[in-house]
Amino acid sequence: MRRSSSTIPYGYKLDDDNTELLTPVTSELDALDKVLPMIKDKTLSLREGSVWLESTTGRKLSHMGLKKIAEKRT
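Before going into details, it helps to say that this report is about the structure given with it.

Rules used throughout
- Numbers given for residues are sequential positions, taken from 1 along each chain in its written order.
- Local features in a predicted model are, by the rule used here, given only for residues with pLDDT of at least 70; side-chain atom pairs are given and counted only at 80 or more, and totals for whole chains, interfaces and linings are based on all residues.
- Heavy atoms from the whole structure form the basis of all side-chain values; hydrogens and water molecules are not counted.
- The term nonpolar core refers to a set of buried residues drawn from Ala, Val, Leu, Ile, Met, Phe, Trp, Tyr and Cys, joined through side-chain atoms within 4.5 Å.
- Think of it in three bands: residues with accessible area under 20% of the maximum for their type are buried, residues over 50% are exposed, and the middle band is partly exposed, with areas taken using a 1.4 Å probe on protein chains only.
- Residue contacts follow a heavy-atom distance rule, with two residues in contact if any of their heavy atoms lie within 4.5 Å.
- Each helix is a run of DSSP H or I of at least 4 residues and each strand a run of E of at least 2, with the numbering of both proceeding from the N terminus.
- Polar contacts here mean pairs of N or O atoms no more than 3.5 Å apart (in protein, one a potential hydrogen donor and the other a potential acceptor; neighbouring residues in sequence count only if both atoms are side-chain atoms).

**Things to note about the nonpolar core**
Soluble globular proteins tend to bury their nonpolar side chains together. Tyr10, Ala31, Leu32, Val35, Leu36, Ile39, Leu53, Leu61, Leu66, Ile69 and Ala70 together form the largest nonpolar core, which totals 11 residues. Residue contacts for Leu32: discarding those within four places in its chain leaves Tyr10, Pro37, Leu53, Leu66, Ile69 and Arg73.

Put into structure tokens, the structure is as follows:
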């Protein structure tokens, strides 16, 4: 994926060889795929989901950042 802004999206990291490209981080993307349905079903709140993601992947994501991702994927 080509980089389009200075912010690195959750689930991606800068490519080691080319800083214009982003490389997917499968563990983060898999964790997102697990938590988004729980948020949609209201099993988890956005805040709980962001805490779960941080404890699972080690990368922080705010509840508002998670909300934006959830809205884009709907």
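**A short note on the side chain of Ser50**
Looking at where Ser50 falls in the secondary structure, it is placed in helix α2 (residues 46-57). Other than its neighbours up to four places away in sequence, Ser50 contacts Leu61, Ser62, His63 and Leu66.

**Side note on the environment of Thr56**
Tracing the sequence through the fold places Thr56 in helix α2. Spatially, the C-alpha atoms of Thr56 and Ala31 are 7.4 Å apart, while their sequence positions differ by 25 residues. Within the structure, the side chain of Thr56 is placed 2.7 Å from the backbone oxygen of Trp52, a separation counted as a polar contact.

**Details of unusual backbone geometry**
Positive phi, close to 65 degrees, is recorded for Lys42, a residue that is not glycine. Looking at the secondary structure, you find Lys42 in the loop between α1 (26-40) and α2.

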